[in-house]
Structure formats: C-alpha cells, structure tokens
Amino acid sequence: MPRSKNDQPDGTTPTSVVRPFEVASRPGQLRIRYLDDYIIEVNLANGAAVTFGRSREANIVINDQSVSKIHFSLRAVAAGVELEDLGSKNGTWYAGRPVRRITLKPGDDFWAGGCHVELLGLEDVAVEIAADSSLGPLHGESVVMRELFAKMIKLGPTPLDLVIEGETGTGKELAARTLHDLSKRASGPFTTLDCSQLPENLADATIFGFRRGAFTGAEHDQPGMFEHAHGGTLFIDELGELALPLQMKFLRAVDRRQVTRLGEPGIVREVDVRILAATNRHLDTEVREGRFRSDLYHRLGHAALRLPALRDRELDVIVLAEQFLQELAERGEIERATIADDAKTLLMAYDWPGNVRELKVAIRRAAFVCTNSVIKSEDIQLGRPDDLAHKLAKAMEDSGAHKY
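Residues numbered from 1 in each chain as written. Predicted model: local features only at pLDDT ≥ 70, side-chain atom pairs only at ≥ 80, totals over all residues. Heavy atoms only, no water.

Asks: It is not clear to me how the overall build of the protein chain should be interpreted in this structure. Could you clarify?
Replies: Helix and strand counts for the protein chain stand at eleven helices and 24 strands. The globule rule puts the C-alpha radius of gyration for 404 residues at 22 Å, and the 23 Å found for the protein chain is close to it. Dimensions along the principal axes, computed over C-alpha positions, put the protein chain at roughly 70 × 60 × 45 Å. In the protein chain, which comprises 404 residues, the share counted as buried stands at 50%. By sequence separation, contacts in the protein chain at least 24 residues apart represent 63% of the contacts at least 6 residues apart. For the protein chain, the separation between the mean place of its 51 positive charges and that of its 60 negative charges on side chains is 4 Å. (Helix = DSSP H or I, 4+ residues; strand = E, 2+ residues; numbered from the N terminus. Rg over C-alpha atoms; globule rule 2.2 N^0.38 Å. Buried < 20%, exposed > 50% of the residue type's maximum accessible area, 1.4 Å probe, protein only. Contact = heavy atoms within 4.5 Å. Lys, Arg positive; Asp, Glu negative; His and termini not counted. Charge placed at Lys NZ, Arg CZ, Asp CG, Glu CD.)

Quick look at the structure:
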C-alpha cells in the first residue's frame, strides 16, 4: 500500500515559512594542470562531481589513450577535493598506490593512467545559503547544507520534476517530503514507490494499477501508484533499481501523465502528479553503462539535488547527535544526555558510511547504555574497535587533549 502524506513514521510536520537568504563562501573554484601543459579552472558545484575522461560524455575531456572514457571525478568536500576513480582500466594512482577514493589538498598530484594531474589551487566562491540551519526535518549548520536548503526553497514551489541523489542514509526521503511541503501540492498526497521492493511479477500492476480479473489473484479493481498520487507528489525511491523493461513504460507515463491499468487496454487515465525521484547511484554512470535509459534520466532530471555525505558536513555530526539526544529526551525515552569530549572526537573522526541514519542509530544506542547520562567513546558502537577513529579518541582521552 502507498504511504500518504499524513502517514509519516518519522513524525515530521509540514515545513514552515523560511527567512531570506544569506551569502557565504565555500571552496568551489579548482585550478588544475594535466598532461603537464594544460591548465584549466573547474567550477565545483555543491556536492556535484566533475568527471574527467577521454569520452565527450565526460565533463572535462582528456585526450590521452591511457585515460578511460570516464576515468575519475573531482568534487569539493569540507576537507579539500575528493578524487574518485570511476572504474578506470589503467587505474588512478596517488603516491605510487592505486586509489578508489581519497581526499586531496591543493598542491597534491596524482596519475590517471599515464596522465599526470596536479591540483594547483582551490579558491572560495560566494554562494547563497538559507538563513536558518534547519528546513523541515532536515538540520545542518554547515555551509554545504544551508546551500542545499536555499536550493530546495527555490525549487520546492516549482512544478519541476526532480532527481535527488545521495548516499544511503543521507535523508533523501526527508528531502522529498520537504519539497512536497514547500510546493503548491502540500495539501495533496505524498505517495512513495520503492523500486527496490517491487516484486518483478507485480511491478506493472503496482505502478499502473489493474482491473479485476487481469491476472490470477486480481479480485478487485486497484489503482496504481500514479493514481494514488493524483493531485500531489509521487516519490520514487531507489529509481536506479527500476528494471530496464519497465523504464520504457514508466517514461510514457511520466511524459504524458497518463496511465493504463492492466486489463484495461485502450482506457487511458489522466494523472496530475509531480515526480520526485531518489537514487543512491550515479545515474549518469548508469546511463553510460546502459543500465538506465537516457531519455528517462533526462525527462526526470529537470533539476537535480545532491545530498552531501555526513563526512562532508563539517561540525554537523555533533549538531545532529545533540539534536537526536534532545528528541529522545523530549519523547521521555531518556534523561537529557550529554556527549563527552572523547566521544565527540570519535564521532568526528569516523567516516559514517551509513551517514545520518547510522549516526542516529549509534546515538540512540549510546544514550541507553551510557552511565550518568554522559556518552563516552566506549558507549558508541562504530565500525571496528581498532580502526583509526577509535584509536584517535583513545589517544586524546589518554593525553587529556580535546578539541572541544
């Protein structure tokens, strides 16, 4: 069954009116040299990766046979510039070692196959940010999040379909709900279609609906997800999981805003929906590799938002952790708890592969097992106990030196 706007397991409330924008600075203008002769400036947008490769499909084309068609990407993060190898044939190398993903700083250099690349400088750019450090259920004091909020405030009231990208656990569904609440459709339904949970034999029926008797077990007429979302927003979660055979049918429905139920050939039903689609995949890569239709990608991608990973959100880790503790206390689940310095060090040093969702689970557990309502590093269960984050927290605890 679809989930409606009023059936919100996270208990969120409609997004309130927001204050005007402000201006801030963040790293965004990267100057690089490649093949020892070519110097270019690259604009690194908020959260978006710039791709490099031999193909014209790359954002920056490098004419070198040792470079793959789409070889690597660069994007601005809190600690510098994140380099990611995109499955290249000849590899991406830093300090003589192959790397998949690494954060570099101006002055560093690396090799893409036989192509030498140097990061010459990273300049700040002025960006528009939201005045508030929260938007609906989303929270963040970092520039990267408040820049995201500003974009959402602008895009929310528009009729544009959107693709929301981001790693698992970054809050893509919360972002979609917020966009819905900011829209003129806020009083209409918010219906979720999770492509990762679609049973293959019932996918058509789930999406487009069916008539009684259309197949074994179809005992009554049933509208599909498009019809359930009529007058509101259809949130398509894990869009990248949609099977190729379904993508063409999906494109027709998206393009025409019309659906035909199974068992009703020739009967067309008009639907009035705005589509917000989320994915933890890089859909441009999926398109290049033939796993996702380019026409559907471009049809849905009237605009795109990318939610930053938690490791790129500066001090938001502590802000969010304290927010979660406050929510637990307000619900009466715990006494108001605090976070000790060694625990803060651990939280800041960890790279959070599960992002905000992982942080919330970790803080909830720690709040229930800590002593005297003070969370220490030993109360926080993260990764391996011998990893770098744990070692750093232990060393700072032993030395008595803390950042906070």
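Asks: So what exactly am I meant to see when it comes to helix H2 (residues 172-182) here?
Replies: Along an α-helix, residues three or four apart share an orientation, since each turn contains 3.6 residues. Along H2, nine of the eleven residues are buried, which leaves the element largely enclosed by surrounding structure. All of the buried residues in H2 are Lys-172, Ala-175, Ala-176, Arg-177, Thr-178, Leu-179, His-180, Asp-181 and Leu-182.

Asks: Quick question: what am I supposed to make of the sheet that holds strand S6 (residues 80-85) here?
Replies: What links the strands of a sheet is backbone hydrogen bonding, and the strands pair in either a parallel or an antiparallel sense. Across the sheet, which stays open at both edges, the five strands sit in the order S4-S3-S5-S6-S9 with mixed pairing between neighbours. Single-partner strands in this sheet number two, and they are strand S4 (60-61) and strand S9 (101-104). Pairing of S6 with S9, which is carried by four bridges, proceeds in the antiparallel orientation. Paired with Glu-84 across the strands is Arg-101, a residue of S9. (Pairing = 2+ DSSP bridges.)

Asks: Please explain the nonpolar core as it appears in this structure.
Replies: Nonpolar side chains in soluble globular proteins generally cluster together in the buried interior. In this structure, Ile-207, Phe-226, Ile-236, Leu-239, Leu-242, Phe-250 and Leu-300 are the most contacted members of the largest nonpolar core, which totals 28 residues. For this core, the elements supplying multiple residues, two or more each, are helix H3 (203-208), helix H4 (225-228), strand S18 (233-237), helix H5 (244-256), strand S21 (274-279) and helix H7 (294-300). Apart from residues no more than four positions distant in its own chain, Leu-300 is found in contact with Asp-161, Leu-162, Val-163, Leu-239, Val-254, Ile-275 and Ala-277. Core analysis: the second largest hydrophobic core is formed by 26 residues, Ile-334, Tyr-350, Ile-363 and Ala-366 among them. (Core = buried A, V, L, I, M, F, W, Y, C linked by side-chain atoms within 4.5 Å.)

Asks: How do you make sense of unusual backbone geometry when you look at a structure like this?
Replies: With the exception of glycine, the majority of residues adopt a negative phi angle, and the majority of peptide bonds are in the trans configuration. Unlike most non-glycine residues, Arg-257 shows phi in positive territory, near 55°. Along the chain, Arg-257 falls in the loop between H5 and strand S19 (258-259). Even without being glycine, Ser-373 reaches a positive phi, approximately 60°. In this fold, Ser-373 is placed in the loop between helix H10 (355-369) and strand S24 (374-375). For Ser-373, a relative accessible area of 24% corresponds to the partly exposed category.

Asks: Sorry, what's going on with the pairing of strand S5 (residues 72-77) here?
Replies: Each regular strand shows side chains that alternate between the opposite faces of the sheet. Of all six residues in S5, six are buried, a share of seventy percent or more. Pairing between strand S3 (residues 50-53) and S5: three bridges, direction antiparallel. Its bridge partner lying in S5, Thr-51 is registered against Ser-73. Bridge analysis of S5 against S6 gives six bridges, and the strand direction is antiparallel. Each residue of the ladder has a partner; that of Arg-75, found in S6, is Glu-82. Between S5 and S6, which follow one another and run antiparallel, lie two residues.

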